[in-house]
2 protein chains.
Amino acid sequence: MKKFFYLFETAYLGYRYHGWQKQTEDVKTIQQQIDRQLNYLLPENKFKTLPASRTDKMVSAKRHFFQLYTEKPVENELDKKLNYFLPDDIQILKMTEVDRDFQIIGHTSSKEYHYYFAATQEKYPYASPFMTFFKDPLNLEDMQKACSLFVGEHNFKSYCYKPHSDKQFMRVVDECEIIENNYLKANFFPPKSYVLRVKGKGFFRHQIRLMMGTLEKLGRGELTYSEIETSLKGDQGIIGYVAPPHGLQLYDCRLTREE
Amino acid sequence: MKKFFYLFETAYLGYRYHGWQKQTEDVKTIQQQIDRQLNYLLPENKFKTLPASRTDKMVSAKRHFFQLYTEKPVENELDKKLNYFLPDDIQILKMTEVDRDFQIIGHTSSKEYHYYFAATQEKYPYASPFMTFFKDPLNLEDMQKACSLFVGEHNFKSYCYKPHSDKQFMRVVDECEIIENNYLKANFFPPKSYVLRVKGKGFFRHQIRLMMGTLEKLGRGELTYSEIETSLKGDQGIIGYVAPPHGLQLYDCRLTREE
């Protein structure tokens, strides 16, 4: 069946979806929406879609990829047609034909995630598809300093959701910082919001949200630097918590070969 | 059961909800979210909630009201507690105790709806909770001129979804215009967007979306002024179409008595 190979660059707002991966037909997911349109646009052509990485419920992407495998070649304008028929919150940015050596998962070289948040008890309902609101006051300086603890090669077992004991937990985080949010701006946002920027080759399920949950706990004074240091040395259990999904965005995804 | 009466001013982003009114337990609605928290916050106190008007699936509100009827008095801080427990996209702005003469539906004096839209084939996935994208080029000037046809007292049967023949269709629209959108601004919005502003005492189900659908058809050159004029004289059937819900926002709702 796998005869023709296409790479699609995409962006989407994940707020009303239950993640990337298809589930049952009555659960709205990104893949379900894409496959549904491909079913219509590629009659009598067997196909399969595979993402560079799965994203969770409510999580958005600014730059993501999926690969399309088909039995017969597809027409050049397929990306435009997909864009036309897909809902307004899912966008195809580019389509490229790739050869059979291309493996979307093997060829992912780095990912950058953003976690947008604000510390306020005030509500900003129109901002909720983009950021999480932490209700307690946060010591931002402490949180910013602690970010550097994550940079480098560490054992991220404490930042892996439901870890299997046979898994390799050593991973490298290339960049980790909390900065003021100047990426997403709107007059219906709180006056100040922040973004946790994390960059690396690959992440475990819920890793960024567990890192955010840990930093938030530190910001509330419920954790210390040394506890975070210890948590990065191996099996210390989860010390933070999984921060809510709607602040998370896959900001960038780089492939070693983008053709 | 109806012994104590409270008025709540609210705002919400409707994008991931199936409208205001409660349906079955597995369908997310605004009322379901509110009632669920009230159930928890008002144990052993029978209650009922009633909105100033229902909103459809995906429709948002900047200022809306609901009335709460209870058997026993509630504590003063109930609004704060509700805000704390409600999801980030539903906000309680104010709570006031009202007397038994207050009837939320009878006391609604005017409503202002906004329908946000842009004419572009480009996709702006992060803007989709706030506006609708019309893919064909639109003659904005024609649409702006046609807005005045709706102002005044007309027979709005053609702008009523599934009209019953015994219904009174004469209604007054106080204001109707299309202006550039300077209400909602974000760096992830298209460079230009517009808003259809409609103000009046009350509207039929889907009336604003049918008016928008009609104006859009005119903007595409598929309808004439005189067809719109005729449509406002009585039973001419639906001449436009129901525009998508996610551009619609209940911008303001005024009560004759807000205490």
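A brief structural summary. All figures in this text were calculated on a predicted structure; none of them were measured in a lab. (Residues numbered from 1 in each chain as written. Chains lettered and ligands numbered in written order. Predicted model: local features only at pLDDT ≥ 70, side-chain atom pairs only at ≥ 80, totals over all residues. Heavy atoms only, no water.)

As a further point, take a nonpolar patch on the surface. Residues Tyr 40, Tyr 84 and Phe 85 of chain A make up a contiguous nonpolar surface patch of about 350 Å² in total accessible area. Position of Tyr 84 of chain A relative to the elements: it lies in helix α2 (residues 78-85). (Patch = residues over 30% accessible without salt bridge, like charges linked within 9 Å, V, L, I, M, F, W, Y side chains within 5 Å. Areas by Shrake-Rupley, 256 points an atom, 1.4 Å probe, with all protein chains shown as cover. Salt bridge = Lys/Arg side-chain N within 4 Å of Asp/Glu carboxyl O. Helix = DSSP H or I, 4+ residues; strand = E, 2+ residues; numbered from the N terminus.)

This part is about the relation of the copies chain B and chain A. You can overlay chain B on chain A at an RMSD of 0.0 Å; the transform is a turn of 180° with a shift of 0.0 Å along its axis. On the angle and the small slide along the axis, the relation comes out as a two-fold axis. Using C-alpha coordinates, one finds that chain B approaches the rotation axis most closely at Ala 186 of chain B, a distance of 1.9 Å. Interface residue correspondence from chain B to chain A reaches 100%, placing this contact among same-surface, isologous pairings. (Least-squares fit on C-alpha atoms with pLDDT ≥ 70 in both. Contact = heavy atoms within 4.5 Å.)

Turning next to the packing of helix α3 (residues 140-150) of chain A against helix α4 (residues 207-219) of chain A. When two helices pack together, their arrangement is given by the angle between their axes and by how far apart the axes lie. Residues and elements named next belong to chain A. Relative orientation of the contacting elements α3 and α4 amounts to 140°, with a least axis distance of 9 Å. The orientation of α3 with respect to α4, classified from their angle, is oblique. The crossing of α3 and α4 is right-handed. Mapping the contact onto sequence places Asp 142, Met 143, Ala 146, Cys 147 and Phe 150 in α3 and Met 211, Met 212, Leu 215, Glu 216, Leu 218 and Gly 219 in α4. (Axes fitted to C-alpha atoms, helices over the stretch in contact; angles between N-to-C directions. Parallel < 35°, antiparallel > 145°, perpendicular 65-115°, else oblique. Left-handed = near helix turned anticlockwise from the far one by under 90°.)

Residue and element names in this part refer to chain A. Topologically, Phe 8 is positioned in strand β1 (residues 4-12). Once the C-alpha coordinates of Phe 8 and Asp 142 are considered, the two residues, 134 residues apart in sequence, prove to be 40 Å apart. Apart from residues no more than four positions distant in its own chain, Phe 8 is found in contact with His 64, Phe 65, Phe 66, Leu 68, Leu 78, Asp 79, Leu 82, Ile 92, Lys 94 and Met 95.

Contact with chain B, which involves 38 residues of that partner, is made by 38 residues of chain A. Surface buried jointly by chain B and chain A totals about 2900 Å² across both partners, of which 57% is contributed by carbon and sulfur atoms. Interface area lost by chain B to chain A is led by Asp 88, Lys 123 and Tyr 126 of chain B, which between them contribute 29%. Counting across the interface, chain B meets chain A through zero salt bridges. (Buried area = accessible area lost by both parts, 1.4 Å probe.)

A few words now on the pattern of salt bridges. All names here are of chain A. By the definition in use, this model includes 35 salt bridges over all chains. A salt bridge links Lys 199 to Glu 175; its shortest N-O distance comes to 3.9 Å. Taken together, the residues Lys 199 in strand β9 (residues 194-200) and Glu 175 in strand β8 (residues 170-180) connect sequence positions 24 residues apart. In this structure, Arg 197 engages Glu 177 in a salt bridge whose closest nitrogen and oxygen atoms are separated by 2.5 Å. Of this pair, Arg 197 sits in strand β9 while Glu 177 is found in strand β8, placing the two residues 20 residues apart along the sequence. Members of the salt-bridge network, linked through shared partners, are Glu 112, Glu 175, Glu 177, Arg 197 and Lys 199.

Before going further, it helps to examine the packing of aromatic side chains. Under the criterion given, the structure shown has 40 aromatic pairs over all chains. For the pair Tyr 40 of chain A and Phe 85 of chain A, a centre-to-centre distance of 5.4 Å together with 75° between the ring planes defines the contact as edge-to-face. Remark: Phe 85 of chain A occurs in helix α2 and Tyr 40 of chain A occurs in helix α1 (residues 30-41); sequence separation between them is 45 residues. Relative accessible area serves as the criterion here: at 54%, Tyr 40 of chain A is assigned to the exposed category. What links up through ring pairs into an aromatic cluster is the set Tyr 126, Phe 130, Phe 188 and Phe 189 of chain A together with Tyr 126, Phe 130, Phe 188 and Phe 189 of chain B. Over the face of the ring belonging to Tyr 84 of chain A we find Lys 135 of chain B, whose NZ or CZ atom lies 4.7 Å from the ring centre. (Phe/Tyr/Trp six-rings, centres within 6.5 Å; stacked < 30°, edge-to-face > 60°. Buried < 20%, exposed > 50% of the residue type's maximum accessible area, 1.4 Å probe, protein only. Lys NZ or Arg CZ within 6 Å of the ring centre and 35° of its normal.)

Another point: the side chain of Lys 123 of chain B. Within the secondary structure, Lys 123 of chain B is located in the loop between β5 (108-119) and β6 (132-134). Buried charge Lys 123 of chain B goes without a salt bridge, the closest partner of opposite sign being Asp 88 of chain A at 5.2 Å. Within the structure, Lys 123 of chain B has its side chain in polar contact with the backbone oxygen of Asn 83 of chain A (distance 2.8 Å). A distance of 2.8 Å separates a polar atom in the side chain of Lys 123 of chain B from the backbone oxygen of Ile 90 of chain A. Those residues in contact with Lys 123 of chain B, other than ones at most four positions away along the chain, are Asn 83, Leu 86, Pro 87, Asp 88, Ile 90 and Gln 91 of chain A. (Lys, Arg positive; Asp, Glu negative; His and termini not counted. Polar contact = N/O pair within 3.5 Å; in protein donor to acceptor, adjacent residues only side chain to side chain.)

Take it as geometry only, folks, not as evidence of what the structure does.
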